[in-house]
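Each chain is listed here by its residues.
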Amino acid sequence: MNGILFAERDLKPQYYEVKKVYQNIEVKVSDIKKGTFEIFNKYYFKSLADFDLKWSIWENGNQIKEEQLDLTPIAARTKEIINLPFNVEDLKAHSEYFIKLQFVLKKDQPWAEGGYVQAEEQFLLKEKSNVLSIADVVLSNVDDKRLNIENENHIMLVKGENFTAKFNYKDGSLYGLIYDEITIIKDGNGPKLDAFRAYVNNDTWGYSKWYEKGLHNLNHRAVGSKVWANEDGSLTVSFTVISQAPNAARQHGGTSGNSLSVEEILDHKFGENVFHFVTNQIWTVYQDGSVELQSNITSNEPQFVLPRLGYSMTIPKEYSKFTYYGRGPIGNYNDRKTAQNIQKYKRTVGEEFVIFPKPQDMANHEETRWCALTKDTMQGIRGVVFIATGDMTVSALPYRAQVMATAAHIYELPEPGDITLHLDAKVTGLGGASCGQGGPLKHDRVYAGQHNFGFIIRPAGLNLDQIANVSSSGEVPIAITRSSTGVVKIYSSKKDAIICYSVNNGIIWDYNEEMPLREGGIVKAWYKNHKNSEVSMHFNKIENIETTVVFASSEEPGSANAAKNLVDSNHLTM
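Caption draft 1: Focus on the overall build of the chain. Looking only at helices and strands, the chain features 6 helices and 36 strands. Relative to the compact-globule value of 25 Å for 574 residues, the chain shows a C-alpha radius of gyration of 26 Å, a close match. Taken over the C-alpha atoms alone, the chain extends approximately 75 × 70 × 50 Å along its principal axes. As presented, the chain carries roughly 27,500 Å² of accessible surface, and 48% of it is formed by carbon and sulfur atoms. Taking the average place of the 61 positive charges on the side chains of the chain and the average place of its 70 negative ones, the gap between the two points comes to 1 Å.

Caption draft 2: Seen up close, the layout of surface pockets. Approximately 1,000 Å³ is the volume found for the second largest pocket. Around the second largest pocket sit 42 residues that line it, and Gly-3, Gln-14, Asn-202, Arg-336 and Ser-434 are the ones nearest its centre.

Caption draft 3: Expanded view of helix H2 (residues 134–141). Of the residues making up H2, those classed as buried are Ile-134, Ala-135, Val-137 and Val-138. Summarising the axial view, the buried residues of H2 lie within an arc of 165°, below the 170-degree limit, and thus occupy one face. Against the buried residues of H2 lie strand S19 (291–299) and strand S29 (451–459).

Caption draft 4: Region of interest: the environment of Leu-11. Within the element layout of this structure, Leu-11 appears in the segment before helix H1 (13–22). Through-space distance from the C-alpha of Leu-11 to that of Ala-425 is 29 Å; in sequence the pair is 414 residues apart. The contact partners of Leu-11, leaving out residues within four places of it in the chain, are Ile-4, Leu-5, Phe-6 and Tyr-16.

Caption draft 5: Focus on a nonpolar patch on the surface. Together, Val-549, Leu-566 and Val-567 make up a nonpolar patch on the protein surface, roughly 250 Å² of accessible area in all. Mapped onto the fold, Leu-566 is located in the segment after strand S36 (530–539).

Caption draft 6: Spatial organisation of the sheet that holds strand S6 (residues 97–105). Taken together, the 4 strands give an open sheet; going across it, the order is S4-S3-S6-S7, and neighbouring strands pair in antiparallel fashion. Whereas interior strands pair on both sides, the edge strands pair on one side only; in this sheet they are strand S4 (62–69) and strand S7 (117–126). In this sheet, neighbouring strand axes are inclined to one another by 20° on average, regardless of whether the strands run parallel or antiparallel. The sheet contact formed by S6 and S7 spans 8 bridges and is antiparallel. Within the sheet, the bridge partner assigned to Gln-102 lies in S7 and is Glu-120.

Caption draft 7: Seen up close, H1. Among the residues of H1, Pro-13, Tyr-15, Glu-17 and Lys-20 are the ones counted as buried. Buried residues belonging to H1 abut S7.

Caption draft 8: Representation of the side chain of Thr-420 within the structure. Along the polypeptide, Thr-420 turns up in strand S27 (residues 419–427). In contact with Thr-420, not counting residues within four places along its chain, are Met-313, Ser-395, Ala-396, Leu-397, Tyr-399 and Arg-400.

Caption draft 9: Looking closely at the pattern of salt bridges. Scanning all chains against the criterion turns up 23 salt bridges. In this structure, Lys-20 and Glu-121 form a salt bridge, with 3.5 Å as the shortest nitrogen-oxygen distance. With a gap of 101 residues between them, Lys-20 in helix H1 and Glu-121 in strand S7 connect regions that are remote in the sequence. Take Lys-20: its relative accessible area is 13%, and that puts it in the buried class. Arg-458 serves as the salt-bridge partner of Asp-288, at 2.8 Å between the closest nitrogen and oxygen.

Caption draft 10: Structural detail: the nonpolar core. Formed by 79 residues in total, the largest nonpolar core has its most connected members in Phe-167, Phe-277, Leu-306, Leu-373, Phe-386 and Leu-423. By size, the runner-up hydrophobic cluster in this structure holds 27 residues, among which are Ile-25, Ile-32, Ile-82 and Ala-119.

Caption draft 11: Local environment of the side chain of Asn-41. Mapped onto the elements, Asn-41 comes out in strand S2 (residues 36–41). A polar contact is formed between the side chain of Asn-41 and the backbone oxygen of Lys-46, at a distance of 2.9 Å. There is a polar contact of 3.0 Å between the side chain of Asn-41 and the backbone oxygen of Ile-74. In contact with Asn-41, not counting residues within four places along its chain, are Asn-24, Lys-46, Ser-47, Leu-48, Ile-74, Ala-75, Ala-76, Arg-77 and Thr-78.

Caption draft 12: Representation of the sheet that holds strand S33 (residues 509–510) in the model. If you trace the 4 strands from one edge of the open sheet to the other, you get S33-S32-S35-S36, paired in antiparallel fashion. Taken across any chain shown, the strands that pair with only one partner, and hence form the sheet edges, are S33 and S36. Pairing of strand S32 (residues 499–503) with strand S35 (residues 521–527) involves 5 bridges; the strand directions are antiparallel. Paired with Ile-499 across the strands is Tyr-527, a residue of S35.

Caption draft 13: Expanded view of the environment of Asp-136. Its location among the elements puts Asp-136 in helix H2. Overall, the relative accessible area of 44% leaves Asp-136 in the partly exposed class.

Reading the values: the criteria
- Residues numbered from 1 in each chain as written.
- Predicted model: local features only at pLDDT ≥ 70, side-chain atom pairs only at ≥ 80, totals over all residues.
- Heavy atoms only, no water.
- Helix = DSSP H or I, 4+ residues; strand = E, 2+ residues; numbered from the N terminus.
- Rg over C-alpha atoms; globule rule 2.2 N^0.38 Å.
- Areas by Shrake-Rupley, 256 points an atom, 1.4 Å probe, with all protein chains shown as cover.
- Lys, Arg positive; Asp, Glu negative; His and termini not counted.
- Charge placed at Lys NZ, Arg CZ, Asp CG, Glu CD.
- 1 Å grid on protein atoms, 1.4 Å probe; cavity = no way out; pocket = protein on both sides within 12 Å on 5 of 7 lines; lining within 4 Å.
- Points joined across faces, edges and corners; volume = space filled by probe spheres on them.
- Buried < 20%, exposed > 50% of the residue type's maximum accessible area, 1.4 Å probe, protein only.
- Arc of directions from axis to C-beta.
- Contact = heavy atoms within 4.5 Å.
- Patch = residues over 30% accessible without salt bridge, like charges linked within 9 Å, V, L, I, M, F, W, Y side chains within 5 Å.
- Salt bridge = Lys/Arg side-chain N within 4 Å of Asp/Glu carboxyl O.
- Pairing = 2+ DSSP bridges.
- Axes fitted to C-alpha atoms, helices over the stretch in contact; angles between N-to-C directions.
- Core = buried A, V, L, I, M, F, W, Y, C linked by side-chain atoms within 4.5 Å.
- Polar contact = N/O pair within 3.5 Å; in protein donor to acceptor, adjacent residues only side chain to side chain.

Below, the structure is given as structure tokens:
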């Protein structure tokens, strides 16, 4: 049991994935519309006579039906088709549905009591469709369609009937947010790009590089901004933001040393060509206080592997009730998630914290549809809801990642403080480098290439499900990238969009394919007939193309034998 139990024999998060992988009953969909499933008894010597089959249907994360099926004693190593009595035609169009099958013990056994779930599977019954956009929802519920704008130095205040949203012209962030005269995001604590995690024991393959790139210490600088009013009365605020650390850093103590520290290498200042992100992000403010973010994130080293990529922010600790609709309740990652079902969970931020001997990244929840941080007041539920507009991974903890990363032991952590909320486009998996095959598989890694990501922020209320049941409608940004060999690509997730572009203010073309630009220049791109959507990138001339290591079957990361040292033109590094 080494590796899946704590010293006190409490269960580690990875225990649940091991149990799921080892389960001896397999379920596959035969025909979901007819309610037929194939059961495979993987036991070699016993039938399924010891188990009952419970099945349930879940709408938007809430259980709406549960029944029990008399399971025939399927013989060892045989399969059987079962039929569950439900009708998919009865399911609502604007809701998402899952079905869960659980094989539970009929009687007490030496290892568990009767009713214990020995094996289970969850399947998607129906995706959502015909979900109202946030713009349509707001227009149907708000009488006063006016938004007022005030400017205080580098801060723009957007005010509606019961809210104030603040934006920072210097860093492109949502600087502060007030709902019903209650501060939800304190000034300066709003969402900013974040790519760092408190390294886990398995991160031996990559954590030193994350400090070398300064991922723990990103500064954000807006290099362009635009503001315009939309026909429906909403307001759009657009920024181009460069995110880069001021210098490199070096971690001392490894992943499990007794004394950990981070040395900022102040004589290794970062210039414009050193690793950085460029994000075109568009905020749309609606009349009820909802704020939508759509971002297009790129970097100048698209093959670099990040621990995560998304946004983090700080929420006051009194909003400690954590509700989410995603995989849970145990923390999970893209390579350790199958044991955690997609449901709506109600927990506290404190309950999300796992007492690892060495504090590290935890409480990650993949495939999250929405989450909320709330508190109960005399006036009802107060707080904030975050709704994914695509794929989203979520975590909420009372510590910042760097605080956990530099604590060698649990007792070194300070008293729990305000809530650090991460909303991520993707989080790199765990892999097995501490005692296994190495880093995460390629498809479980976050590369620093082009990513689209977005979410909607809404004031919380009594019916969180209804508040979260909206789709995006804000403008989607464009991104321009250039590869190390000089090939320029223009990206947008906007369907059927016609993108225009020019190079060095020359002829305007419709974008249809990538183009070579090794000589450098200024590339501008925008949606046809929508000049406010214009973004631009300046590229220097590529004087030479460096050789890079694409893959190494075995290496010692961070040592003199790292594979990259073979091609860095420095004989002293080998």
